[in-house]
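A structural walkthrough
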Amino acid sequence: MAKRVVDVLVPVALDRAYSYRVPDGLAVAPGDFVSVPLGAREATGVVWAENPAPDIRLDNRLKDIESKLDYPALRPELRSFVEWLANYTVSSRGMVLRMCLRMGEHLGEERERIGVRLAGAPPARMTPARARVLAALDDGMVRAKSEAAREAGVSAGVIDGLVDEGTLQTVVLPPEPVAENPDPDFTQPEFSTDQRMAADALKATIAKDGYSVTLLDGVTGSGKTEVYFEAVADAIRKGRQSLILMPEIALTAQFLDRFAARFGVRPAEWHSELTPRKRARTWAAVAKGEVPVVVGARSALFLPYADLGLIVVDEEHDPAYKQEDGVHYHARDMAVVRGHIAKIPIVLSSATPAVETETNARRGRYARVALPERFGGQRLPSVEPIDLRAAPPPRGRFISPMLAGEVKIALERKEQALLFLNRRGYAPLTLCRACGFRFACPNCDAWLVDHRFKKQLVCHHCGFGLPHPHQCPKCAAVDSFVACGPGVERLEEEVHELFPEARVLVLSSDLVAGIERMREEFAEIAQGLFDIVIGTQLVAKGHNFPMLNLVGVVDADLGLSNGDPRAAERTFQLLHQVVGRAGRDAGIGRGFLQTHQPDHPVMRALIAQDREAFYDAEIELREKTHYPPFGRLASIIVSGGDKHETASYARELARWAPLNENMKEGVRVLGPAEAPLALIRGRHRMRLLLKAPRHYDLSAYMRRWLAKAPKRRGSIKLDIDIDPQSFL
Ligand code: ADP
Ligand code: ZN
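Described in the following lines is the structure provided in the data block. Note that the coordinates shown come from a computational prediction; the quantities given were computed from them, not determined experimentally.

The antiparallel open sheet is built from 3 strands, whose spatial order is β21-β22-β23. Looking at the sheet topology across the chains shown, the edges are occupied by β21 (449-451) and β23 (465-467). When strand polarity is set aside, the average angle formed by the axes of neighbouring strands in this sheet is 30°. Across 3 bridges, β21 lies against strand β22 (residues 456-458) in antiparallel orientation. Across the sheet, Asp-450 pairs through a bridge with Leu-457, a residue of β22.

See below:
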């Protein structure tokens, strides 16, 4: 009798699932983890499907599955999600599977945790250290060994010594749970009428079950978090898991504490800063259904939930949801897909929804639940322009007299001020006064950014760094360099000169040593330990700083001129969010925009606080130009080490685009053209852009095209991006 054959998908860059024979007596089913021979090595894979009719010719060359692994099986829902996502993003299924298996190699037996407690007579020889241990353990309770040592202020050796003497007794502790169980009734906030209605609407989607998408559309400070916690509470009551996606998980200690205030305990976290061990334990606990709520970055979408019942996408408009390398996907869109497959409710939360989301809500495809007012009767901050043409800062300075005046008033009132500038470092460009030489990155099409704190000129694209030079490499002039333009570090200098007494904090991702310190800094701002905060987009998102009432945007025009079709939307969202940090708790919030274009539609909408006008105009423009969501885009970046070879391959690729069909179907292939960033990390980049009608299957078109594409030569690489967000 022929042996049973199954197809096994391996988490590497392969789309195919390979066939393997199932040894007699080995019980495996689709979803099971198995170890299989792959080439010369052993690989971990997932049984993907039965293969009832394996290729006869291959039959006796097929290899056997080595063994079945003791991991929880991948459920059909997650396997469908992998299939769907690979197909949509034109990625190999193996690479998408890999995103589901980010538990590392640490899965398996738990290391035993050993605890100690006081059990026998005091030791024959008493020392001060030993005495401290006895005092600390006096209550007879069991403590982990490391904890006992810490409490008594002694080394682990002292504890071991007391164990040997029989004074302490060891006990095997149960493994520490990944997360404690949240209590949906731990506390109940007192809701305003609007909040109550919004919470009830979300609770109704949980009660009803099944797929739905709801936009929780609330102004900054309206209590969106409090409101969607009610949906999470109901999911917990039903015994189902919830996922709360966050754009910048590293920054959300405040969020974790709010969760704890509502549910009694902190939720499980999932992000890139978890230790490998924590990662493996969390993965397994999620798969076993032991974790009721996960708060995570976009990668949390790929966890093997035992019974996912709700996904909340907080700040759903945030660009950080787009993964731009490897598999290019948008976590908000894929959350909706996962919700559709799992037949569960999705909540998208934002004060400034993505144009796509807003359009879906306007057309009734998504339900909308609105919170039009701030909680506690606080007013939204006013927004005023500072016209830099009429009242510019002094030469070489970036804070206008008017903004400086407002900061001064805020300080006199003992309130905080936030100066927002979305630029890391000291200055974006350094040039030689004598000959005009500019420092550029040797690997990228970019200027080197002056970082005084690090004492380097740094490339923001590849990380290349150069110690601050004394001599111009071109004309040999000495100390002839001028910094051009501002970064947050330069702003700090100016602020110190203007307000020597003020306590100033610069918040920028490159200046903090890790996530814990960053969380502390946010807490310190909230406690009022700083008067002036200077920050990049890190500070724009989601934070609550009760004493902050003034927000000054140093360069409101910064994001408008980069040729991105979403530049207006992004700028509107970012500036609205950052100004929304002001006046949340008490007092009157005010935002100031330093701009050269106070009449730009984005500035006008921000100043008039007329969000609808902005969306009306933007949606109309997108509709007219067939940009998303009224048309579809995809891009291919062709990159390679040699400029000529890259360009010639890109041209050849363009010639192979399935032309006849696309004429009929309305697909247009634009390019190849040099990408705006024509060189990154020593690789030359050419871009092809595809435009298609709204319902066109661009992924299928892309696959047809790539199937015919000429063989790639040398170092040529293709990056496929369906629904691109970045146009650089
Ligand atoms: P948003 O996310 O809409 O900007 P938040 O959810 O951060 O707003 O809420 C703003 C602030 O108001 C938070 O400090 C929150 O704890 C508080 N808050 C909101 N609703 C309530 C409520 N019903 N009772 C008490 N505090 C609330
Ligand atoms: Zn570089």
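With that out of the way, let us pick up the nonpolar core. Membership of the largest hydrophobic core comes to 80 residues, with the highest contact counts inside it found for Leu-301, Ile-311 and Val-638. Excluding its chain neighbours within four sequence positions, the residues that come into contact with Val-638 are Thr-646, Tyr-649, Ala-650, Leu-653, His-684, Arg-685, Met-686, Leu-688, Ile-716, Lys-717 and Leu-718. Counting residues in each nonpolar core, the second largest holds 37 residues, with Leu-418, Val-578, Val-579 and Tyr-615 among its members.

Let us now look at the packing of helix α1 (residues 76-89) against helix α10 (residues 331-342). Running from N to C, α1 and α10 cross one another at 140°; their axes reach a closest spacing of 10 Å. Of the possible angle classes, the one that applies to α1 and α10 is oblique. The two elements α1 and α10 meet at a crossing, and its hand is right-handed. Side by side, α1 and α10 meet where Glu-77, Leu-78, Ser-80, Phe-81, Trp-84, Leu-85 and Tyr-88 of the first sit next to Met-334, Val-337, Arg-338, Ile-341 and Ala-342 of the second. Looking at the contact of α1 with α10, its residues break down into 9 nonpolar, 1 polar and 2 charged.

On to the pairing of strand β24 (residues 481-484), then. Here β24 shows one buried face, formed by Phe-481 and Ala-483, and one open face, formed by Val-482 and Cys-484. Looking at chain direction, strand β20 (residues 429-432) and β24 are connected through 4 bridges and run antiparallel. Bridge pairing links Cys-432 to Phe-481 in β24.

So, about the sheet that holds strand β29 (residues 631-640). Across the sheet, 4 strands lie side by side as β30-β31-β29-β32; this open sheet has antiparallel pairing. Among the strands making up the open sheet, the edge pair consists of β30 (668-680) and β32 (717-722). Taken over all neighbouring pairs, the strand axes of this sheet differ in orientation by 20° on average, direction set aside. When β30 meets strand β31 (residues 683-693), the two strands line up antiparallel, connected through 7 bridges. Its bridge partner lying in β31, Leu-679 is registered against His-684.

Rules used throughout
- Residues numbered from 1 in each chain as written.
- Chains lettered and ligands numbered in written order.
- Predicted model: local features only at pLDDT ≥ 70, side-chain atom pairs only at ≥ 80, totals over all residues.
- Heavy atoms only, no water.
- Pairing = 2+ DSSP bridges.
- Helix = DSSP H or I, 4+ residues; strand = E, 2+ residues; numbered from the N terminus.
- Axes fitted to C-alpha atoms, helices over the stretch in contact; angles between N-to-C directions.
- Core = buried A, V, L, I, M, F, W, Y, C linked by side-chain atoms within 4.5 Å.
- Buried < 20%, exposed > 50% of the residue type's maximum accessible area, 1.4 Å probe, protein only.
- Contact = heavy atoms within 4.5 Å.
- Parallel < 35°, antiparallel > 145°, perpendicular 65-115°, else oblique.
- Left-handed = near helix turned anticlockwise from the far one by under 90°.
- Nonpolar A, V, L, I, M, F, W, Y, C, P; charged D, E, K, R; others polar.

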